[in-house]
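Structural overview
Each chain, written out:
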Amino acid sequence: SERRHVETLRLRYANAAIAEERALALARAEHSDRAKSRFLAAVSHEIRTPLNGILGVTQLLRVQDETAAFRRELEIVHRSGHHLLRVIGDLLDLSRVEYDRMVIDKAPLAVVQTVRDVTDLLQPNAHERALTLHVSFSRNLPLRVNGDAARIKQVLHNLVGNAIKFTRQGSIVVSVSHAGGRLKVAVRDTGEGISGDDLAHIFDPFVQTTPGGSGGRRLGTGLGLTIARQLARAMGGDISAFSEPGQGSTFIFEVDAPEAPEMQAESQEPESTLPSYSGRVLVVDDNEVNALVASAMLQRMGLATEVAVDGGDALSRMREQHFDVCLLYTSPSPRD
């Protein structure tokens, strides 16, 4: 009886020690995950600031009269910058998902226009690769539904963009339908398809696929589909994928989007590409490149500008002279 009692106590203390080690390991893992998310958010914001300056300067240079070769080189820089900006956006969205801070703003949206905004933007990419990008809308599609237009466009941009990127020849077909209060978009391509092993993990973060599962060059950062699925689920839907090597791929995106009442059409005056204003603007930014870009863009709209490097400098200038507008840049929090 004594030996049995001693063995029971030994097992009890052993189990308690194991439970304590497990809790400590879990706490360390959660701390490490939070640290990783904070790191991604902070680094992404630090990279975005100079990148916006690069994109702004190239945008200014592109509108100047230069040689065709010079414009082509600027176009390459501009596209590369936008690609990097999308990667940073993916990192920030991944951080927001892990912090459960993904915000969905539902409002009435025009279905056809929302989809066309994405496909029209990607049409030149398909044309460059000699691909056909076709969009079809079902007959029972409502004019307007309630949903987050920006997030829906983000998911569609990822799915259609991937279809173009992974298709060497043939076509991409985007089919849009609506039933039971849900918006459904199917993106089908005639690419090389995805192997079964890759398809099982295609929505996992940082997983990169190879076209046709052939072991060739891996494409992308491995974040786009992860974030697209998280966005779809945050909007009450999901994304499913079907593919076979050599047979192309189909991605189906569904989201809760009940029909919205039609709104009275408002007459809109066509907006000019570059509005013209008059006045004086004080640009406050401690980043020299950002201040240069903002000032140049404002000057192209007919505004006179001055630059202040910080709040104290801005207050001093405003005491000495009059400004119609004070434009300040505020650095967002890494968790915003």
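Residues numbered from 1 in each chain as written. Predicted model: local features only at pLDDT ≥ 70, side-chain atom pairs only at ≥ 80, totals over all residues. Heavy atoms only, no water.

1. Overview of the nonpolar core
Convention followed: Only buried residues count toward a nonpolar core. Its members are Ala, Val, Leu, Ile, Met, Phe, Trp, Tyr and Cys residues joined through side-chain atoms within 4.5 Å. Burial status follows relative accessibility: with a 1.4 Å probe on protein chains alone, a residue under 20% of its type maximum counts as buried, one over 50% as exposed, and anything between as partly exposed. Elements are defined by DSSP. Helices are runs of H or I of four residues or more, strands are runs of E of two residues or more, and each kind is numbered from the N terminus. It only takes one pair of heavy atoms within 4.5 Å for two residues to be counted as in contact.
Formed by 41 residues in total, the largest nonpolar core has its most connected members in Val174, Ile239, Phe251 and Phe253. Those elements that place two or more of their residues in this core are helix 3 (111-128), strand 2 (132-137), helix 4 (149-165), strand 4 (171-179), strand 5 (182-189), helix 6 (224-234), strand 6 (238-243) and strand 7 (249-256). Per element, the largest residue contribution to this core is 7 residues, and it comes from helix 4. For Val174, the residues in contact, after removing those within four places along its chain, are Val115, Thr119, Leu133, His134, Val135, Ser136, Val160, Val185, Ala186 and Val187.

2. Some thoughts on the pairing of strand 7
We apply this condition: Only strands that DSSP links by at least two bridges are regarded as paired with each other.
Within strand 7, 6 of the 8 residues are buried, which leaves it mostly tucked inside the rest of the structure. Pairing geometry for strand 6 and strand 7, over 6 bridges, is antiparallel. Within strand 7, the residue paired with Asp238 across the bridge is Glu254.

3. A short note on helix 4
Note the threshold: Each helix should span, by expectation, one fewer than its residue count multiplied by 1.5 Å. Whenever a nitrogen or oxygen atom comes within 3.5 Å of another N or O atom, the pair is scored as a polar contact, on the condition that within protein one atom can donate a hydrogen and the other can accept it, and that pairs from neighbouring residues in sequence are kept only if both atoms are in side chains.
With 17 residues, helix 4 extends 24 Å from end C-alpha to end C-alpha; this agrees with the ideal 24 Å at 1.5 Å per step. Of all the residues in helix 4, the buried ones are Arg151, Ile152, Val155, Leu156, Asn158, Leu159, Val160, Asn162, Ala163 and Ile164. With a side-chain oxygen positioned 3.2 Å from the backbone nitrogen of Ala150, the residue opening helix 4 is Asp148.

4. Notes on the side chain of Thr250
Topologically, Thr250 is positioned in strand 7. Overall, Thr250 belongs to the buried group, its relative accessible area being 17%. Residues contacting Thr250, with those up to four places away along its chain left out, are Val187, Arg188, Ser240, Ala241 and Phe242.

5. Some points on the packing of helix 3 against helix 4
Rules: For helices, the fitted line uses only the C-alpha atoms of the stretch in contact; every axis is such a line through C-alpha atoms, and the angle between N-to-C directions lies from 0 to 180 degrees. Working rule for angles: under 35 degrees goes down as roughly parallel, over 145 as roughly antiparallel, 65 to 115 as roughly perpendicular, anything else as oblique. By definition, turning the near helix anticlockwise from the far helix through less than a right angle yields a left-handed crossing, and turning it clockwise yields a right-handed one. Classification used: nonpolar for Ala, Val, Leu, Ile, Met, Phe, Trp, Tyr, Cys and Pro, charged for Asp, Glu, Lys and Arg, polar for all others including Gly.
Orientation of helix 3 relative to helix 4, taken along the N-to-C sense of each, is 30 degrees, at an axis distance of 9 Å. For the element pair helix 3 / helix 4, the angle class is roughly parallel. Crossing of helix 3 against helix 4: the hand is right-handed. For the pair formed by helix 3 and helix 4, the contact residues are Thr114, Val115, Asp117, Val118, Leu121, Leu122, Asn125 and Ala126 on the first element and Ala149, Ile152, Lys153, Leu156, His157, Val160, Gly161 and Ile164 on the second. A per-class count over the contact of helix 3 with helix 4 returns 10 nonpolar, 4 polar and 2 charged.

6. Things to note about the packing of aromatic side chains
Our working definition: Two rings from Phe, Tyr or Trp (for Trp, the six-membered ring) form a pair when their centres are within 6.5 Å of each other. A pair whose planes differ by under 30 degrees is stacked, one over 60 is edge-to-face, and the rest are tilted.
Taken as a whole, this structure holds 1 aromatic pair when the rule is applied. Taking 6.4 Å as the distance between ring centres and 80 degrees as the angle between the ring planes, the aromatic pair formed by Phe203 and Phe251 counts as edge-to-face. Of this pair, Phe203 sits in the loop between helix 5 (196-200) and helix 6 while Phe251 sits in strand 7, and the two are 48 residues apart along the sequence. Given a relative accessible area of 10%, Phe251 falls into the buried group.

7. Regarding the pattern of salt bridges
Test applied: Throughout this description, the term salt bridge denotes a Lys or Arg side-chain nitrogen within 4 Å of a carboxyl oxygen of Asp or Glu.
If you walk through the whole model with that rule in mind, you get 10 salt bridges. Here Arg10 ties to Glu7 by a salt bridge, and the two come within 2.6 Å at their closest N and O atoms. In this pair, Arg10 and Glu7 are both assigned in helix 1 (residues 2-62), 3 residues apart and thus about one turn of the helix distant. With a relative accessible area of 35%, Glu7 lands in the partly exposed category. In this structure, Arg317 and Asp313 form a salt bridge, with 3.2 Å as the shortest nitrogen-oxygen distance. Of the two residues, Arg317 and Asp313 both sit in helix 8 (residues 311-320), 4 residues apart, roughly one turn of that helix. Residue Arg317 is classed as partly exposed on the basis of its relative accessible area, which comes to 23%.

8. Things to note about the sheet that holds strand 7
Read across the sheet, 5 strands follow the order 2-4-5-7-6 without closing on themselves; strand pairing throughout is mixed. Two strands close off the open sheet at either side, each with one partner strand: strand 2 and strand 6. Neighbouring strand axes in the sheet, compared pairwise and without regard to direction, differ in orientation by 15 degrees on average. Packing against the sheet, helix 3 makes contact with strand 2, strand 4 and strand 5, and its axis sits at approximately 170 degrees to strand 2.

9. Concerning the environment of Arg139
Summarising the element assignment, Arg139 is placed in the loop between strand 2 and strand 3 (144-147). Sequence separation of Arg139 and Ser177 is 38 residues, and the distance between their C-alpha atoms is 8.1 Å.

10. Here we look at the sheet that holds strand 10 (residues 325-328)
The strand order across the open sheet built from 3 strands is 9-8-10, with neighbouring strands paired in parallel fashion. The open sheet is flanked by strand 9 (304-308) and strand 10, the only strands paired with a single partner. Geometrically, the sheet is characterised by an average inter-axis angle of 25 degrees between neighbouring strands, direction not taken into account. Pairing geometry for strand 8 (residues 280-284) and strand 10, over 4 bridges, is parallel.

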